[in-house]
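# Commentary on secondary and tertiary structure
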Amino acid sequence: MRADAQTEGNDATTRIYRVLATVPYGRVITYGDLAQMAGYPRAARLAGQTLRKLPRDTKLPWHRVINAQGRISLPEPDAARQRARLEREGIFLHNGRVDLLKYRWQP
DNA sequence: ATCAGGGCTACAT
DNA sequence: TATGTAGCCCTGA
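Summarised in this report is the structure supplied together with it. Fair warning: this is a prediction, and the values are worked out from it, not measured in the lab.

## Structural notes on the pattern of salt bridges
What the rule picks out here adds up to five salt bridges. As a salt-bridge pair, Arg104 and Asp33 come within 3.0 Å of each other at their nearest N and O atoms. Of this pair, Arg104 sits in the segment after helix H6 (100-103) while Asp33 sits in helix H3 (residues 31-37), and the two are 71 residues apart along the sequence. Relative accessible area serves as the criterion here: at 24%, Arg104 is assigned to the partly exposed category. On the basis of relative accessibility, which here comes to 16%, the residue Asp33 falls in the buried class.

Here is the structure:
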């Protein structure tokens, strides 16, 4: 836990979930940005580890998180689920990637 | 206190 | 564009 994070009174998981919840429909965010917005710059892998623990029935938009290359970092069959959810929001992959310049969300 | 490992990244070939 | 290679930083053992 970090000093600046402690002042917020929350652990990394909570902070990451909170940011994830703000990612709007039809947009995506990278692991690195998610971590940074949660107060953990350069801790992209932390975001990954955290998301991996999400329950299957979560309401959070886990599928809107992709890597910095615009690619899905999940092994099949989860990658297929993520792709399907993204498409349902109008986000399609071309050559296995999302057009970050167009859909990347950054406040 | 240490250490390996993770849904990663940036940079160099 | 496609690898390879170092960093990064947190968590759990």
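## A few points about unusual backbone geometry
Looking along the chain, the bond that leaves Glu76 and enters Pro77 is cis, with omega of 5 degrees. Assignment of secondary structure puts Pro77 in the loop between strand E2 (65-66) and helix H5 (78-88). Unusually for a residue other than glycine, Arg42 sits at a positive phi of about 65 degrees. Turning to its location among the elements, Arg42 is positioned in the loop between H3 and helix H4 (44-52). Its relative accessible area of 77% is what places Arg42 among the exposed residues. With phi around 60 degrees, Asn95 is a residue other than glycine that occupies positive phi space. What makes Asn95 exposed here is its relative accessible area of 72%.

Calculation rules
Residues numbered from 1 in each chain as written. Chains lettered and ligands numbered in written order. Predicted model: local features only at pLDDT ≥ 70, side-chain atom pairs only at ≥ 80, totals over all residues. Heavy atoms only, no water. Salt bridge = Lys/Arg side-chain N within 4 Å of Asp/Glu carboxyl O. Helix = DSSP H or I, 4+ residues; strand = E, 2+ residues; numbered from the N terminus. Buried < 20%, exposed > 50% of the residue type's maximum accessible area, 1.4 Å probe, protein only.

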